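A look at the structure
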Amino acid sequence: MRADLERIGLCVAIAAVSCCLFATPVFAQQLVSGDPGANVNVVGPTPDPDDIRDNGLKQQNEPSCAIRPGDADCIICGFNDYRTVDVPEIGDAWQGVGMSCDGGTTFTSRIAPGHALHPAPIGTEFAADPRMIAIPGMAIFNFIGGARDQDSGVLAIQHWLEINKEDADFYEPGKFTYIADAGTSGRFIDKPDAYFLPDLANKQGTITLSTVMENEALGTIERDFPTGKLFVAYAVITGSGNFKVLIKDSDDLGATWGNQVSKLSEEQNVVSGISLTGKGDTMLAVWRRAGDNNDFDSIMYAYSTNRGKQWTKGEVLADICSFDQLSQTSASSVTFRTNDFPWATHDGKNFYVFYSDRNFDGLGDCTGGRPRIVMRHANEPGGLPGSSILAIDDSDDGDPATTDDAGGSFQFMPAATGANGKVQVAWYDTRREGIPGGPPFVADYFDPASGGQINRRVDVYTARVISDATGGNVQISAPTRVSQFRIGARVEGPVGDPSAQTAGSVAIEGEASFGNAKLYASGSLSFIGDYIAVGAEEFRFDD
């Protein structure tokens, strides 16, 4: 029995939305992005009355989704969940988990274990930054926990076992949370990523784990899982102003962790937004280093060719003109926070790194340049710095009011996954606004020309990428809009006189995603999260 990489379908999830894109065969030169369905709320009902329900319809963001090996209809997502803010004993955000076993048509949701009201609390006030991995038999859930007024925190791992019972959830968590690392005063853990690298086929075996289940009716479950290494990488912010990128691994899927930690980087510049991927014996880590008076904004990388025993030190993969903005509200504008974080994946043959860059065209406009999602790719990580920079979509027909090309749009926050020789990348995109000019940020603002308020809209777009075994013959599909909204007909006629009104022939969208909606800090700040998610069925048992 071994775990092999396999691709069945792709699922894109953003905030509280999940839209499934199923793989389409590629014929001749045709390459398509996928066929998105309707938006689906991954924060569905909570069937168990003992779980904490989202009675206040609170905010959720930063999803991370995985698809069950051997059953592409089963999806599990973790996300930051603010429903626990209304629970006095918790009073802060925790981790929510949404599940579907009908291909994403419907979801149920609940709060993950470990909070203050749970029988096995982990001792932190809040939880954030989820990462979800699905291997045969189990989902591995990684997140951080901390306290708002302290620099300490924990790096947490939970095991959610596949359950095939009519009266149980599709995944049920173990009662206890494993701690991969713990911060101390002046040592804050932030923005982790987790990745499971299965043992090679000729060395693949099984490991038996006993899990005490949260649901007492399930007792203790003993189950075999494929062998491999579970990696976690994370940033550590110290009280002295140092920023470190650390990585460590576990041989029993996170149940225990040794003391050995590899340091990929340590410097005064802010580092964050780590992304991991791996194939064979090779692991790749990428992250963002913020610029200062001495250094450029940069995408950094490090890699290991011996399954994490030794790592190269962090080096610059690319200097960028980043697209960053803060959550700010002023008399003239409103902006949500976003940071230019990279994303790494592979297609079984080549490694890919995606990020957003205002200077993708080499013109050097770091202030007003419209950011584009770009990629670097190579057969091995060492070849990434010398690889070509390719824009995923820089289409422009020259008309600033056109809404079906990239034109003057902002593209940011990429996420990607790869399987079965294909890579799927998704990102936020403002192209459908058709707003010529405007500020060099995605800001709501007052427009003197029209005398009205401009409220910015964001959509999610996706594209598919393929290349040959050496990284050549790259094909990038035309982008497809993932986010779909309900359509209505415009009503025409005098206001206040329904008898004289008629439904017009012009179709209009009855919904939109307003990135700058002030949903946080008691309605004073906007925030859409730091990540969106793309998931694929990656592993299967091969008898």
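See the structure shown above.
Calculation rules
- Residues numbered from 1 in each chain as written.
- Predicted model: local features only at pLDDT ≥ 70, side-chain atom pairs only at ≥ 80, totals over all residues.
- Heavy atoms only, no water.
- Pairing = 2+ DSSP bridges.
- Helix = DSSP H or I, 4+ residues; strand = E, 2+ residues; numbered from the N terminus.
- Axes fitted to C-alpha atoms, helices over the stretch in contact; angles between N-to-C directions.
- Salt bridge = Lys/Arg side-chain N within 4 Å of Asp/Glu carboxyl O.
- Buried < 20%, exposed > 50% of the residue type's maximum accessible area, 1.4 Å probe, protein only.
- Contact = heavy atoms within 4.5 Å.
- Polar contact = N/O pair within 3.5 Å; in protein donor to acceptor, adjacent residues only side chain to side chain.
- Patch = residues over 30% accessible without salt bridge, like charges linked within 9 Å, V, L, I, M, F, W, Y side chains within 5 Å.
- Areas by Shrake-Rupley, 256 points an atom, 1.4 Å probe, with all protein chains shown as cover.
- Lys, Arg positive; Asp, Glu negative; His and termini not counted.
- Charge placed at Lys NZ, Arg CZ, Asp CG, Glu CD.

1. Observations regarding the sheet that holds strand 18 (residues 262-267)
The strand order across the open sheet formed by four strands is 13-16-17-18, and the pairing between neighbours is antiparallel. With partners counted over all chains shown, the strands left at the sheet margins are strand 13 (187-198) and strand 18, one partner each. Across this sheet, the average inter-strand angle for adjacent strands is 15°, counted without regard to direction. Pairing analysis gives five bridges linking strand 17 (residues 243-250) to strand 18, with the strands arranged antiparallel. What sits directly across from Ile 247, in strand 18, is Ser 262.

2. Points about the pattern of salt bridges
Side-chain pairs of opposite charge can arise whenever the charged atoms involved come near each other. For the structure shown, the criterion picks out 29 salt bridges. Between Asp 297 and Arg 288 there is a salt bridge, with the nearest N and O atoms lying 2.9 Å from each other. Looking at Arg 288, the relative accessible area reads 5%, which means it is buried. Here Arg 481 ties to Glu 509 by a salt bridge, and the two come within 3.8 Å at their closest N and O atoms. Of this pair, Arg 481 sits in strand 35 (residues 480-481) while Glu 509 sits in strand 37 (residues 502-509); the two residues are 28 residues apart in sequence, bridging distant segments of the chain.

3. Here's the deal with the environment of Asn 142
Residue position: Asn 142 is located in strand 9 (residues 138-146). Residue classification places Asn 142 among the buried positions, given a relative accessible area of 0%. Once you skip the residues sitting within four places of it in the chain, Asn 142 turns out to touch Asp 129, Pro 130, Arg 131, Leu 155, Ala 156, Ile 157, Pro 192, Asp 193, Ala 194 and Val 232. Separated by 3.0 Å, the side chain of Asn 142 and the backbone oxygen of Ala 156 make a polar contact.

4. Quick notes on a negative patch on the surface
A surface patch of like charges, here negative, comprises Asp 396, Asp 397, Asp 399 and Asp 404. Following the sequence through the fold, Asp 404 ends up in the loop between strand 28 (390-391) and strand 29 (411-419). Take Asp 404: its relative accessible area is 61%, and that puts it in the exposed class.

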